[in-house]
Amino acid sequence: MSERTIEQTYEIAASPAAVFRALTDAGELSRWWTTRAESDPRTGGSFSYTWEFEEQTERNHTREGVYADVMPDEHLRYDWPMPPGNTVVDFRLEPSGGGTALTLDHEGWGSGGDWDQAYEMHDGGWRFFLGNLRSYLERGEDRRAGEMGLKTTASVEAGT
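1. Considerations on the overall build of the protein chain
When helices and strands are tallied, the protein chain shows five helices and seven strands. When the helices and strands of the protein chain are read in sequence order from the N terminus, they spell out β-α-α-β-β-β-β-β-β-α-α-α. Across the 160 residues that make up the protein chain, the buried fraction comes to 46%. For the protein chain, the computed accessible surface area is about 7900 Å², with 46% contributed by carbon and sulfur atoms.

2. Quick notes on helix α1 (residues 16-24)
With seven of nine residues buried, α1 is to be regarded as a mostly interior element. Looking at α1, one finds that the buried residues are P16, A18, V19, F20, A22, L23 and T24.

3. Some thoughts on the pattern of salt bridges
Counting across every chain of the model gives 13 salt bridges. Residues D90 and R92 are paired through a salt bridge, measuring 3.5 Å at the closest nitrogen-oxygen approach. On the basis of relative accessible area, R92 is assigned to the partly exposed category, the value being 32%. Salt bridges linked by common partners bring R77, D90, R92, D105 and E107 together as one network.

4. Section: the nonpolar core
One finds W32, W33, Y49, Y78 and F91 to be the most contacted residues of the largest nonpolar core, which totals 39 residues. Top element by residues in this core is helix α3 (residues 113-139). It accounts for nine residues.

5. Quick look at unusual backbone geometry
For the bond from P83 to P84, the omega torsion is 15 degrees, close enough to zero to count as cis. Tracing the backbone shows P84 in the loop between β5 (75-82) and β6 (85-96).

6. Comments concerning the sheet that holds strand β4 (residues 61-71)
Pairing is antiparallel in the open sheet, where seven strands are placed in the order β1-β7-β6-β5-β4-β3-β2. Edge positions in the sheet fall to β1 (4-12) and β2 (36-39), since each of these pairs with one other strand and no more. Mean inter-strand twist for the sheet, computed between neighbouring axes without regard to direction, equals 20 degrees. Where β2 and strand β3 (residues 46-51) come together, four bridges link them in antiparallel fashion. Bridge pairing links R36 to T50 in β3. The sheet strands contacting α1 are β1, β2, β3, β4, β5, β6 and β7 (99-109), and the helix crosses β6 at an angle near 160 degrees. Across the face of the sheet, α3 comes into contact with β1, β3, β5, β6 and β7 while running at roughly 10 degrees to β1.

The rules behind these values
- Residues numbered from 1 in each chain as written.
- Predicted model: local features only at pLDDT ≥ 70, side-chain atom pairs only at ≥ 80, totals over all residues.
- Heavy atoms only, no water.
- Helix = DSSP H or I, 4+ residues; strand = E, 2+ residues; numbered from the N terminus.
- Buried < 20%, exposed > 50% of the residue type's maximum accessible area, 1.4 Å probe, protein only.
- Areas by Shrake-Rupley, 256 points an atom, 1.4 Å probe, with all protein chains shown as cover.
- Salt bridge = Lys/Arg side-chain N within 4 Å of Asp/Glu carboxyl O.
- Core = buried A, V, L, I, M, F, W, Y, C linked by side-chain atoms within 4.5 Å.
- Pairing = 2+ DSSP bridges.
- Axes fitted to C-alpha atoms, helices over the stretch in contact; angles between N-to-C directions.
- Contact = heavy atoms within 4.5 Å.

Listed below in structure tokens is the structure:
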């Protein structure tokens, strides 16, 4: 079985510290990516990310894991356990033109069957969510509810 990697790079008009905080702080994560999050952003610290959808509740899910490598404002790496197997998410942040170059490598993808479907879903998901991260950090805009039907912090609070 060959391994593939999802590779994406984004230029974000925000400091590496702001981007790193958005990638690791539970409150920030729920403003652009998850519905709810718990995060202990240190090497060996745990995370729990939950996504809930307004209508397509069969898509609701939680991912839990441990941060394998955390270098504030520079690097973040963690296992991404899921069917059909375990993959690894790796973010690198570098200062770039007054902002940040954010590079994602989501590694360890097999080929065939369930692997292909999961690869395509995650490749598109990362494109949407990392674009949404840029939108959130640069303009304060969150497109998740309108474009994905995802419950956001505001919609969860309103329903409580």
